[in-house]
Amino acid sequence: MKKPAAKSVSPLVAVIMGSRSDWETMRQADETLTRLAVAHECRVLSAHRTPDDLAAFVRNGEKNGVEVFIAGAGGAAHLAGAVAAHTTLPVLGVPIDSSALKGLDALLATVQMPAGGPVGTLAIGKAGAVNAALLAAAILAASRPELREKLLALRQEQAAKVRAERLE
């Protein structure tokens, strides 16, 4: 699961999840960032079981060039807030869908972050993971014209698919 950044390029985005079971959802962020050629890293770090490792990863990531964090917010949904507590960089929270509460628990926990520790909250599940990657890319694209062009091309591709849809 730990994916290295592109050849000797520091990751610009860190995709973090609290357990391996979140990978099915967070893989969507990985695939979207890969498609856009955004250097990123994916890691399992728990706000509950490895809080010191999480804090060190966030602080070191920021020092080493990470510009956006994406945090999969599972059951207790503390990961995104814990990441935000250790950085002033953008943190995007993806509520993970659960069998019991369909991700509503994670969504509600994430949108109720206290003032002063902002977390941008996205849709529950795979759509949220894709949109978190697209939002991270948009944040980075503000100073990277080549990435802005890739995002524009992706939007145009999506629009073309919709225009080509035919209902029989």
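The rules behind each value
- Residues numbered from 1 in each chain as written.
- Predicted model: local features only at pLDDT ≥ 70, side-chain atom pairs only at ≥ 80, totals over all residues.
- Heavy atoms only, no water.
- Helix = DSSP H or I, 4+ residues; strand = E, 2+ residues; numbered from the N terminus.
- Buried < 20%, exposed > 50% of the residue type's maximum accessible area, 1.4 Å probe, protein only.
- Salt bridge = Lys/Arg side-chain N within 4 Å of Asp/Glu carboxyl O.
- Axes fitted to C-alpha atoms, helices over the stretch in contact; angles between N-to-C directions.
- Parallel < 35°, antiparallel > 145°, perpendicular 65-115°, else oblique.
- Left-handed = near helix turned anticlockwise from the far one by under 90°.
- Contact = heavy atoms within 4.5 Å.
- Expected span 1.5 Å × (residues − 1).
- Pairing = 2+ DSSP bridges.
- Nonpolar A, V, L, I, M, F, W, Y, C, P; charged D, E, K, R; others polar.

Draft legend 1. Representation of unusual backbone geometry in the model. The phi torsion at Ala37 lies on the positive side, around 60 degrees, for a residue other than glycine. Relative to the assigned elements, Ala37 resides in the loop between helix 1 (23-35) and strand 2 (40-44). Judged by its relative accessible area of 56%, Ala37 is exposed.

Draft legend 2. Fine view of the pattern of salt bridges. Under the defined criterion, the tally for this structure stands at 5 salt bridges. Of the charged contacts, one joins Glu41 and Arg43 as a salt bridge, the two residues approaching to 3.5 Å between their closest N and O atoms. Relative accessible area serves as the criterion here: at 14%, Glu41 is assigned to the buried category. Since its relative accessible area comes to 21%, Arg43 is described here as partly exposed. Notably, a salt bridge pairs Glu67 with Arg144, separated by 2.6 Å at the nearest N-O pair. Residue Glu67 is found in the loop between helix 2 (51-63) and strand 3 (68-73), and its partner Arg144 is found in the loop between helix 5 (126-141) and helix 6 (145-164); the two are separated by 77 residues along the sequence. The class of Glu67 is partly exposed, set by a relative accessible area of 29%.

Draft legend 3. Structural detail: the packing of helix 1 against helix 5. Between helix 1 and helix 5, the least distance of the axes is 8 Å, while the angle of their chain directions is 30 degrees. Between helix 1 and helix 5, the crossing angle belongs to the class labelled roughly parallel. Judged by the sense of rotation from one axis to the other, the crossing of helix 1 with helix 5 is right-handed. Note on element contacts: helix 5 touches helix 1 through Lys126, Ala129, Val130, Ala133 and Leu134, opposite Glu24, Thr25, Met26, Gln28, Ala29, Thr32 and Leu33.

Draft legend 4. The arrangement of helix 6 in detail. Its 20 residues give helix 6 an end-to-end C-alpha distance of 29 Å, which sits within 8% of 28 Å, the value for a rise of 1.5 Å per residue. Buried positions along helix 6 lie against helix 1 and helix 5.

Draft legend 5. Seen up close, the sheet that holds strand 1 (residues 13-17). Strands sit in the order 2-1-3-4-5 across an open sheet of 5 strands; the sheet is parallel. The sheet is open, and its two edges are formed by strand 2 and strand 5 (120-121), each paired on a single side. Across 5 bridges, the pairing between strand 1 and strand 2 is parallel. Within the sheet, the bridge partner assigned to Val15 lies in strand 2 and is Cys42.

Draft legend 6. Spatial organisation of the packing of helix 5 against helix 6. Between helix 5 and helix 6, whose axes approach to 8 Å, the crossing angle comes to 140 degrees. The angle between helix 5 and helix 6 falls in the class oblique. Handedness of the crossing formed by helix 5 with helix 6: left-handed. Side by side, helix 5 and helix 6 meet where Leu134, Ala137, Ala138, Leu140 and Ala141 of the first sit next to Pro145, Leu147, Arg148, Leu151 and Leu154 of the second. For the contact of helix 5 with helix 6, the per-class residue count stands at 9 nonpolar, no polar and 1 charged.

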